[in-house]
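# Geometric and topological summary
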Amino acid sequence: QVQLVESGGGLVQAGGSLRLSCAASRFTFSSYVGWFRQAPGKEREFVAAINWNGGITFYADSVKGRFTISRDNTKNTATLQMNSLKLEDTAVYYCAVGVVTGPRNYKEYGYWGQGTQVTVSS
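Notes on the structure follow.

The rules behind each value
- Residues numbered from 1 in each chain as written.
- Predicted model: local features only at pLDDT ≥ 70, side-chain atom pairs only at ≥ 80, totals over all residues.
- Heavy atoms only, no water.
- Disulfide = S-S within 2.5 Å.
- Helix = DSSP H or I, 4+ residues; strand = E, 2+ residues; numbered from the N terminus.
- Buried < 20%, exposed > 50% of the residue type's maximum accessible area, 1.4 Å probe, protein only.
- Pairing = 2+ DSSP bridges.

## Quick notes on the state of the cysteines
If you walk through the whole model with that rule in mind, you get one disulfide. In this model, C22 is linked to C95 through a disulfide, with the two sulfur atoms separated by 2.1 Å. Disulfide C22-C95: torsion about the S-S bond near -75°, hence left-handed. Placement of C22 in strand β3 (residues 18-24) and of C95 in strand β9 (residues 91-98) is noted, with a sequence separation of 73 residues between them.

Shown next, in the form of structure tokens:
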């Protein structure tokens, strides 16, 4: 079993920054870490993903150039640095872990955190 806990969410004004953290009891061998988000009334949306050694990353077009995903396997943590936040970034953000072939597909991940709320105000 793998337990994931997200932290770092909160309320921030448009143009500001937040850093989300995902703390894992352990990272599954050869696993990806993915960040997804879901806004009220909308479907779950892929945000970013990173492979087991940090050498491969994926980003949604909507966050490219603004968000950065990273991981530290020695500490069993993953981070999503969010800059230049926009109103449309408002959502609950979830961390997920799994051995996957399609890092953008939420259905392939086996472990999920509880989510952390990010609210961007004007």
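## Brief notes about the pairing of strand β5 (residues 45-50)
A large share of β5 lies buried, amounting to five of its six residues. Linkage of strand β4 (residues 32-38) to β5, two consecutive antiparallel strands, is achieved through a turn of six residues, within which G41 is found at a positive phi near 75°. In terms of strand pairing, β5 meets strand β6 (residues 57-59) through three bridges, oriented antiparallel. Bridged to A49 within β6 is F58. Linking β5 to β6, which pair antiparallel, is a turn of six residues; within it G54 sits at a positive phi near 80°.

## Focus: unusual backbone geometry
You will see that N76, though not glycine, has its phi angle at about 55°, which is positive. The residue S84 is not glycine, and still its phi comes out positive at about 50°. Its location among the elements puts S84 in the loop between β8 (77-82) and β9. Relative accessible area serves as the criterion here: at 42%, S84 is assigned to the partly exposed category.

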